[in-house]
Amino acid sequence: NGGYILLIPTTHSPCLGALTKDQITSFENVLSQATSLLEYEYQSPITIFEHGIVGQTVTHSHLHLLPTKMELYKRIALDFPSSKFESIKDLVQLQDLYQKRQEPYLLWSTPNNKYLVCWNPPAEPEYLRTLSATALGVPERASWRKMDPVLDKKLADETMDRLFPLFNL
């Protein structure tokens, strides 16, 4: 199934936490609209995550949005028991904390629409992609570099066909 999208700020930054307050506020508004569109079209809650410099393969902030409900905390806590975890209410709070801490992080949404942050975990590249793809039963889709290009195009086209009519252009 399609529906997976990347939401990328127009301002270059290594992670969302590095954006300014105005930039993160604007980005959060776009995220809210994108999440609503995905929830409407796929009739599913949305799981959101960002590598926040940890395990990034492309050094530019971006959020992954998946039209599915996932509980990632238990596995992440198991993988990184020495890391500090923090619950936050929104991306503005993430930006605030990152400006103070200046530490790499993993960020993901919870099934009850909050965010969790894992500070400074020793994660492998594409850790959250691998974790979510495995949980969805499609581990072969975890790496964008190894993704079957024909299937990738098919899923991207399906997603665009479904979402494009929802935008007021």
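Details of the structure are given in the entry above.
On a predicted model such as this, the values are computed, not experimentally measured, just so you know.

Participant: Requested: an account of the packing of helix α1 (residues 21-42) against helix α3 (residues 91-101), with residues and values cited.
Facilitator: Where α1 contacts α3, the two axes come as close as 9 Å, and the packing angle between them is 150°. The angle between α1 and α3 falls in the class roughly antiparallel. Here α1 and α3 pass one another in a crossing that is right-handed. Residues K21, I24, T25, F27, E28 and L31 of α1 form the contact with α3, whose participating residues are L91, V92, Q95 and D96.

Participant: Give a detailed account of the environment of L136, specifying residues and quantitative values.
Facilitator: If you trace the backbone, L136 turns up in the loop between α4 (127-135) and α5 (149-163). Residues L136 and L66, 70 residues apart in the sequence, show an inter-C-alpha distance of 10 Å. Excluding residues that lie within four positions of it along the chain, L136 makes contacts with T68 and M70.

Participant: Mind laying out the packing of α1 against α5, listing which residues take part and the relevant values?
Facilitator: Running from amino to carboxyl end, α1 crosses α5 at an angle of 95°, the nearest separation of the two axes being 11 Å. Comparing their axes, α5 and α1 come out roughly perpendicular. The residues of α5 that touch α1, namely those facing L37, L38, E41 and Y42, are E158, T159, R162 and L163. Grouping the constituent residues of the contact of α1 with α5 by class yields four nonpolar, one polar and three charged.

Participant: Which residues make up the packing of aromatic side chains, and what values go with them?
Facilitator: Scanning the model with the defined rule gives five aromatic pairs in all. Plain terms: the ring middles of Y73 and F85 are 5.3 Å apart, the flat faces sit at 80° to each other, and that makes the pair edge-to-face. Here Y73 is found in helix α2 (residues 73-79), whereas its partner F85 is found in strand β4 (residues 84-88), with 12 residues between them in sequence. Ring geometry for Y105 against W119: centres 5.7 Å apart, planes inclined by 65°, an arrangement best described as edge-to-face. Of this pair, Y105 sits in strand β5 (residues 105-109) while W119 sits in strand β6 (residues 115-119), and the two are 14 residues apart along the sequence. Here the two residues Y105 and W119 agree in accessibility, since each one is buried. Taking NZ or CZ as reference, R162 lies 4.0 Å from the ring centre of Y42, over its face.

What counts as what
- Residues numbered from 1 in each chain as written.
- Predicted model: local features only at pLDDT ≥ 70, side-chain atom pairs only at ≥ 80, totals over all residues.
- Heavy atoms only, no water.
- Axes fitted to C-alpha atoms, helices over the stretch in contact; angles between N-to-C directions.
- Helix = DSSP H or I, 4+ residues; strand = E, 2+ residues; numbered from the N terminus.
- Parallel < 35°, antiparallel > 145°, perpendicular 65-115°, else oblique.
- Left-handed = near helix turned anticlockwise from the far one by under 90°.
- Contact = heavy atoms within 4.5 Å.
- Nonpolar A, V, L, I, M, F, W, Y, C, P; charged D, E, K, R; others polar.
- Phe/Tyr/Trp six-rings, centres within 6.5 Å; stacked < 30°, edge-to-face > 60°.
- Buried < 20%, exposed > 50% of the residue type's maximum accessible area, 1.4 Å probe, protein only.
- Lys NZ or Arg CZ within 6 Å of the ring centre and 35° of its normal.

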